[in-house]
Amino acid sequence: MSHIQRTTGQRFPNAAKAASTNPLKMSQPLGAALAYLGVDRCLPLFHGSQGCTAFGLVLLVRHFREAIPLQTTAMDQVSTILGGYDNLEQALRTIVERNNPAMIGVATTGVTETKGEDMGGQYSLFRQRNPDLAGTALVFANTPDFAGGFEEGFGKAVTAIVERLVEPSPTTVKTQLNVLAGSHLSPGDVEELRDIIESFGLSPIFLPDLSLSMSGRQPSDFTATSLGGVTVEQIRSMGASVATLVIGEHMRIAGAALELKTDVPSHFFSRLTGLEASDRLIRTLAEISGRPVAAKLRRQRESLVDGMLDGHFFYSRKRIAVALEPDLLYAVTSFLADMGAEVVAAVSPTQNAVLEKLKAATVMVGDHSDVETLARDADLIVSNSHGRQGAARLGVPLHRMGLPMFDRLGAGLKVSVGYRGTRELMFEIGNLFLSREMDHDAHPTPHGGDGHACGGGSCGCSAV
Amino acid sequence: MLQDKIQDVFNEPGCAANQAKSAKEKKKGCTKSLKPGAAAGGCAYDGAMIVLQPIADAAHLVHGPIACLGNAWDNRGTRSSGSQLYRTGFTTDLSELDVIGGGEKKLYRAIKEIVQQYDPPAVFVYQTCVPAMTGDDIGAVCKFAAKKLGKPVIPVDAPGFVGSKNLGNKLAGETLLDHVIGTVEPEYTTPTDVCIVGEYNLAGELWLVKPLLDEIGIRLLSCISGDGRYNEVAQAHRARVTMMVCSQALVNVGRKMEERYGIPYFEGSFYGVSDMSDTLRTMARMLVERGADKGLIDRAEGVIAREESRVWRRLEPYRPRFDGKRVLLFTGGVKSWSMVSALEGAGLTILGTSTKKSTPQDKERIKKMKGDEFHQWDDLKPREIYKMLAEDKADIMMSGGRSQFISLKAKVPWLDINQERHHAYAGYDGIVNLCEEIDKTLSNPIWRQVRLPAPWEPAPARSLLAAAE
């Protein structure tokens with residue numbers, strides 16, 4: 001069973017409870033669907049009951065405020081027991097007839113994985129029986145709902161795309177660069193990275209490329225597939241690139257698969273948020289391209305450094321609880337530690353190797369109710385929109401990151417990578433602290449007077 | 001067991017569509033079989049949740065892998081005036097080992113934890129596909145837990161793959177009939193106690209209706225299930241009259257309450273002026289028929305007269321603004337019907353509606369009301385709707401959230417009238433709210449701007465430019 005999770009080294013404590021309460025975790029197929037949505041003219045397909053698709057669809061629609069193409073093999077009781085191949089074949093044929101996508105990305109669900117559908121066999125059988133559909137790329141990923149989570153599913157879909165579509169190339173295009181972009185990168189982040197990479201004269205191929213499909217499109221006609229994203233042809237040509245940037249722990253397996261298949265050397269980045277992390281990216285790009293760093297990036301770095309000097313007052317020793325998908329959790333907690341804040345709790349929805357690297361007082365695998373317990377004395381909670389109920393009960397401000405973010409506009413366009421993205425994130429969180437400190441009435445001093453937390457000066461007010 | 005239940009639901013004699021069917025057709029059920037690769041919509045579990053989750057003080061525990069709750073919690077606009085426990089998502093989050101070794105023990109522990117920590121009046125346990133396949137007997141676990149913990153623990157046996165959302169609605173209704181209704185006696189009863197079935201208090205809609213009932217002197221004994229409390233739902237058997245709101249979904253509940261407890265029921269609607277008045281009138285009349293004070297009818301007529309004159313006066317300012325504006329209305333069927341007359345009363349022109357979920361009788365009714373000119377679309381594809389909108393055949397589309405982008409991408413105003421909506425449209429005030437929302441979006445200045453060509457596109461004709469100034 002290829003989908004059994006790797007268990008690496010240390011295991012972090014799970015909440016010792018049977019009822020997950022206000023779950024942080026989302027399912028693997030949902031992550032896979034998002035990865036597929038970063039491929040141009042793609043239609044993701046869940047092999048399961050139609051409800052599996054409906055719920056996932058609603059969640060992505062609420063987050064991105066975009067039409068989300070997502071289909072289902074509509075398994076019922078009978079097909080679940082007798083086997084789902086017929087439903088799968090019918091679904092694939094119907095999709096091609098109606099929508100003619102360039103690629104169909106299939107993700108299994110708990111229903112088909114409990115039955116134990118042999119997806120490898122079904123792929124071969126389908127290709128054999130349907131030679132007329134040879135022009136449509138097909139990618140299958142095993143993503144049972146009862147194992148792993150959103151990030152793992154995303155990673156598996158990217159790995160499946162690499163394994164199925166990428167071809168080795170006898171030649172190398174010196175300016176072509178692959179980027180395996182993990183699910184912790186928003187469409188806005190991918191756009192920012194494209195900007196940075198292009199400033200070195202390189203042409204990036206992002207897999208997946210959500211910046212082209214999920215950042216707000218205005219189609220000229222109705223489309224039932226993804227509109228924009230990396231094309232199947234571009235994916236096939238990734239073997240000709242000069243190097244691959246692998247962003248995030250959950251992209252490692254895909255990165256290894258790509259390197260194994262194409263011999264394109266890869267560079268791993270555990271995060272791209274923070275000054276040092278951004279420096280590493282820029283240094284790597286300068287080395288790969290042999291070009292000097294653009295003036296724009298130099299200005300951005302200077303501005304970030306200056307912003308850190310202005311902002312550090314408000315971050316020092318702030319107690320922050322963070323609950324996000326593992327790689328985003330790592331990026332955010334590391335950035336907060338970089339700024340002098342204390343991460344009192346880091347909560348991950350799943351066990352993951354990256355948790356070993358976290359700098360936090362408590363690291364655990366849990367849900368939003370665990371965050372609520374751990375964040376009692378916190379100054380800030382960083383989590384997705386589901387964190388708002390608990391944050392309100394505690395009276396602790398919530399900075400929203402990750403997915404789903406259904407109570408904010410432009411959720412998909414937030415940028416937190418590179419010098420500029422780090423600066424934006426630093427200001428946004430810093431402003432939450434600042435506004436609390438400027439809010440004289442809300443925090444009376446023990447003396448009962450008009451208390452003032454900044455001690456005068458640093459926040460720019462004239463209080464003494 | 002579950003199959004028997006499903007067949008029972010398919011046999012529902014209270015359903016108008018069903019009466020016209022042969023025995024063989026009945027057995028096949030009321031939902032068209034889903035087409036793989038071209039299906040949309042929720043599953044039976046989703047439908048069961050829609051009906052039961054508004055019971056606000058109960059805990060709702062989903063027995064399944066993470067997808068069933070983790071992807072889906074905290075996404076409905078049903079409101080509660082008291083307990084917020086229904087907004088807390090509970091799941092057993094089944095892992096690989098639970099799939100292999102069975103999840104019954106974990107389920108019991110989860111129920112126990114919830115009872116100990118939250119002390120709800122009841123726990124609803126939802127079955128899902130995976131434990132249904134591996135054979136977890138949630139009925140037995142619930143029975144055991146109820147006995148051990150001294151609390152009602154109710155199994156909701158509607159795993160997703162047994163069918164559609166509509167079937168799930170009905171199975172949830174059966175659950176209430178089997179396990180909840182009739183288990184608690186009210187402290188006192190009155191001759192004007194009513195039970196409303198199929199009203200979920202979305203965006204607080206029930207609160208636009210309840211003050212009118214209070215004023216007339218009708219006591220809302222039990223609402224299934226908007227702003228619901230477990231004990232109130234359990235007392236529904238003492239109502240004098242049942243009102244069925246979304247009749248297709250929970251017709252089995254109304255009919256069986258009549259069969260078991262002799263409570264007459266009627267189908268009513270809170271949407272639209274005349275439907276709202278008819279509902280109040282019918283409710284008062286039926287209560288009086290069952291022995292309530294005759295003055296009830298006069299009080300109802302008094303409220304109706306006052307509210308109707310008030311609502312038409314409040315809708316008057318919209319008439320000139322709505323003149324000539326064309327509406328595409330896409331909703332589940334019955335409820336749109338009650339809105340049409342009110343919208344037309346406010347001066348809008350309704351072009352047509354989808355009748356995918358309507359019965360042949362419904363369609364006949366629409367034809368009678370609206371004539372042959374009026375469009376009834378059975379299976380309109382998104383692409384076709386987009387084309388109609390892009391070709392300027394309508395000024396606004398009203399539908400559920402799923403189809404919003406068809407309209408918005410065509411740069412045509414859109415209004416959410418489905419379950420995720422943020423505004424309450426029920427009752428007399430609700431229809432004014434609806435017109436206000438329509439007017440707000442129709443008169444928003446963005447529509448002109450977003451249709452302007454980009455600077456690099458060919459310049460528009462002079463007349464268009466002038467219009468844009």
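Predicted, not measured: the structure shown is a model, and the values here were computed from it.

(A) Molecular detail of the domain arrangement of chain B. In terms of domain boundaries, chain B breaks down into domain 1 (40-179), domain 2 (193-314) and domain 3 (316-422). Placing a centre on the C-alpha atoms of domain 1 of chain B and another on those of domain 3 of chain B gives a separation of 35 Å.

(B) View of the interface of chain A and chain B. With 53 residues of chain A at the contact, the number on the chain B side is 51 residues. Listed by contribution, the elements that provide at least two residues to the side of chain A that touches chain B are strand 1 (20-21), helix 1 (28-36), helix 2 (50-64), strand 3 (71-72), helix 3 (77-82), helix 4 (85-99) and helix 5 (110-115) of chain A. Considering each element in turn, the side of chain A that touches chain B owes the most residues, nine residues, to helix 2 of chain A. Residue composition of the side of chain A that touches chain B, by class: 23 nonpolar, 22 polar and eight charged. Pairing of strand 1 of chain A with strand 2 (residues 90-91) of chain B, which is carried by two bridges, proceeds in the antiparallel orientation. Residue pairing for strand 2 of chain B: A:Thr21 is matched across the bridge by B:Phe90.

(C) Broad picture of the pairing of strand 8 (residues 243-247) of chain A. Residue and element names in this part refer to chain A. The element strand 8 is extensively covered by neighbouring structure, given that four of its five residues are classed as buried. Where strand 8 lies against strand 9 (residues 266-269), four bridges are found, and the strand directions are parallel. The partner of Val246 across the bridge, within strand 9, is Phe268. In this view, the connection linking strand 8 to its parallel neighbour strand 9 by way of helix 11 (residues 252-262) has right-handed handedness.

(D) Structural context of the sheet that holds strand 8 (residues 265-267) of chain B. All names here are of chain B. Taken together, the four strands give an open sheet; going across it, the order is 6-5-7-8, and neighbouring strands pair in parallel fashion. Strands with a single pairing partner mark the edges of an open sheet, and in this sheet they are strand 6 (219-225) and strand 8. Put simply, the sheet's adjacent strands are angled 20 degrees from each other on average, direction ignored. Of the strands in this sheet, strand 5 (193-199), strand 7 (241-244) and strand 8 touch helix 14 (residues 273-289), which is tilted by about 160 degrees from strand 7.

(E) Highlighting helix 14 (residues 326-338) of chain A. Residues and elements named next belong to chain A. The end-to-end C-alpha distance of helix 14, which contains 13 residues, comes to 18 Å, matching closely the 18 Å that a straight helix rising 1.5 Å per residue would cover. With eleven of 13 residues buried, helix 14 is to be regarded as a mostly interior element. For helix 14, the complete set of buried residues consists of Pro326, Asp327, Leu328, Leu329, Tyr330, Ala331, Val332, Thr333, Ser334, Phe335 and Leu336. As for helix 14, its buried residues are in contact with helix 7 (150-165), strand 10 (319-323), strand 11 (342-348), strand 13 (380-383) and helix 17 (418-438).

(F) Geometry of the domain arrangement of chain A. Residue and element names in this part refer to chain A. Looking at the assigned domains, one finds that chain A contains domain 1 (28-165), domain 2 (176-298) and domain 3 (303-430). A C-alpha centroid distance of 24 Å is found between domain 2 and domain 3. Taken residue by residue, the interface counts 25 residues in domain 2 and 27 residues in domain 3. When residues of the side of domain 2 that touches domain 3 are traced back to their parent elements, those giving at least two are helix 8 (187-198) and helix 12 (275-289). For the side of domain 2 that touches domain 3, the leading source of residues is helix 8, giving six residues. The residue makeup of the side of domain 2 that touches domain 3, split by class, is nine nonpolar, twelve polar and four charged.

(G) Structural view of the sheet that holds strand 4 (residues 153-156) of chain B. Strand order across the open sheet formed by five strands is 1(A)-2(B)-1(B)-3(B)-4(B), with mixed pairing between neighbours. Of all the strands in the sheet, the pair left with one neighbour each is strand 1 of chain A together with strand 4 of chain B. Helix-sheet contacts for helix 9 (residues 138-149) of chain B involve strand 1 (59-63), strand 3 (123-127) and strand 4 of chain B, and the interaxial angle to strand 4 of chain B is about 170 degrees.

(H) Quick peek at the pairing of strand 2 (residues 42-47) of chain A. All names here are of chain A. Across the six residues of strand 2, six count as buried, placing the element largely inside the fold. Here strand 2 shows two buried faces, one formed by Cys42, Pro44 and Phe46 and the other by Leu43, Leu45 and His47. Bridge count between strand 2 and strand 4 (residues 103-108): six bridges; the pairing is parallel. Within strand 4, the residue paired with Cys42 across the bridge is Met103. Here strand 2 runs beside strand 3; their pairing, made up of two bridges, is parallel. Bridge pairing in strand 3 places Leu45 opposite Gln71. Between the parallel elements strand 2 and strand 3, the chain passes through helix 2 in a crossover that is right-handed.

Conventions adopted
- Residues numbered from 1 in each chain as written.
- Chains lettered and ligands numbered in written order.
- Predicted model: local features only at pLDDT ≥ 70, side-chain atom pairs only at ≥ 80, totals over all residues.
- Domains from an automatic or database assignment.
- Contact = placed C-beta atoms within 7 Å.
- Helix = DSSP H or I, 4+ residues; strand = E, 2+ residues; numbered from the N terminus.
- Nonpolar A, V, L, I, M, F, W, Y, C, P; charged D, E, K, R; others polar.
- Pairing = 2+ DSSP bridges.
- Buried ≥ 20, exposed ≤ 12 C-beta atoms within 10 Å, placed from the backbone.
- Right-handed = clockwise from strand over helix to strand, strands pointing away.
- Axes fitted to C-alpha atoms, helices over the stretch in contact; angles between N-to-C directions.
- Expected span 1.5 Å × (residues − 1).

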